[in-house]
Amino acid sequence: MEPSVNVLGTKLLPCSTDPVTGFYRNGCCDTGPEDQGSHTVCVILTDEFLAMSRYLGNDLTTPRPEYGFAGLKAGDRWCLCASRFLQAAQEFAAPVVVMECTHKRALEVVPFELLQNHSRND
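As the structure is a computational prediction, the values presented were derived from the model and not from experiment. (Residues numbered from 1 in each chain as written. Predicted model: local features only at pLDDT ≥ 70, side-chain atom pairs only at ≥ 80, totals over all residues. Heavy atoms only, no water.)

S.K.: An account of the state of the cysteines is requested, with residue identities and associated values reported.
M.R.: Every disulfide links exactly two cysteines, by a covalent bond between their sulfur atoms. Applying the stated criterion across every chain yields a total of two disulfides. A sulfur-sulfur separation of 2.1 Å characterises the disulfide bridge that pairs C29 with C79. Residues C29 and C79 share a disulfide whose torsion about the S-S bond is about -95°; that sign makes it left-handed. On the criterion of sequence distance, the pair formed by C29 in the segment before β1 (39-44) and C79 in strand β2 (residues 77-81) is long-range, its members being 50 residues apart. Among the residues examined, C29 registers a relative accessible area of 0% and is labelled buried. By sequence-ordered numbering of the bonded cysteines, the chain has its disulfides arranged as 1-3, 2-4. Not part of a disulfide, C101 finds its nearest cysteine sulfur in C42, a span of 4.5 Å. (Disulfide = S-S within 2.5 Å. Helix = DSSP H or I, 4+ residues; strand = E, 2+ residues; numbered from the N terminus. Buried < 20%, exposed > 50% of the residue type's maximum accessible area, 1.4 Å probe, protein only.)

Here it is as structure tokens:
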């Protein structure tokens, strides 16, 4: 696993433990060589993004009990693939980014300014 550092250069904070997210299912958007999809962008899901994802063939809302997956809904936090976030931003359907929980490896795919433009303000 790569060092747990966020896009702000500080310690990567947990994204979500309910539902449990992350490539390693540790609640953080940690990444490593096994994570080919770069599940590094912590987002707060929106109905618009979930609909776009379903349309593109990745239905995140339908429960899949055989995988221990209860399905996601708007308001849930989730570690999203960096390339899917970039695509959603280009389609004007990007969810809200949580910068302190987004792994620095996301910057290999998504410009910092784009993440910041879609981040929450609190």
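The rest of the description comes next.
S.K.: Break down unusual backbone geometry for me, citing the residues and quoting the values.
M.R.: Look at the link from D18 to P19: it is a cis peptide, with omega at 5°. Despite not being glycine, S38 has its phi angle at roughly 50°, a positive value. By secondary structure assignment, the location of S38 is in the segment before β1. With a phi close to 60°, F92 is a non-glycine residue in the positive phi region.

S.K.: Describe in detail the pairing of β2, supporting the description with residues and values.
M.R.: For β2, the buried fraction is high: four of the five residues fall into the buried class. Pairing between β1 and β2: five bridges, direction antiparallel. Counted as the bridge partner of I44 is R77 from β2. (Pairing = 2+ DSSP bridges.)

S.K.: Go over the pattern of salt bridges with me, naming the residues and quoting the values.
M.R.: Throughout the structure, instances matching the rule amount to five salt bridges. Between E100 and R120 there is a salt bridge whose closest N-O contact spans 2.5 Å. Of the two residues, E100 is situated in the loop between β3 (96-97) and α3 (112-117) and R120 in the segment after α3; the sequence distance between them amounts to 20 residues. A relative accessible area of 24% means that E100 is categorised as partly exposed. For R105, the salt bridge identified is with E108, shortest N-O distance 3.7 Å. In this structure E108 comes out as exposed when scored by relative accessible area, which is 63%. (Salt bridge = Lys/Arg side-chain N within 4 Å of Asp/Glu carboxyl O.)

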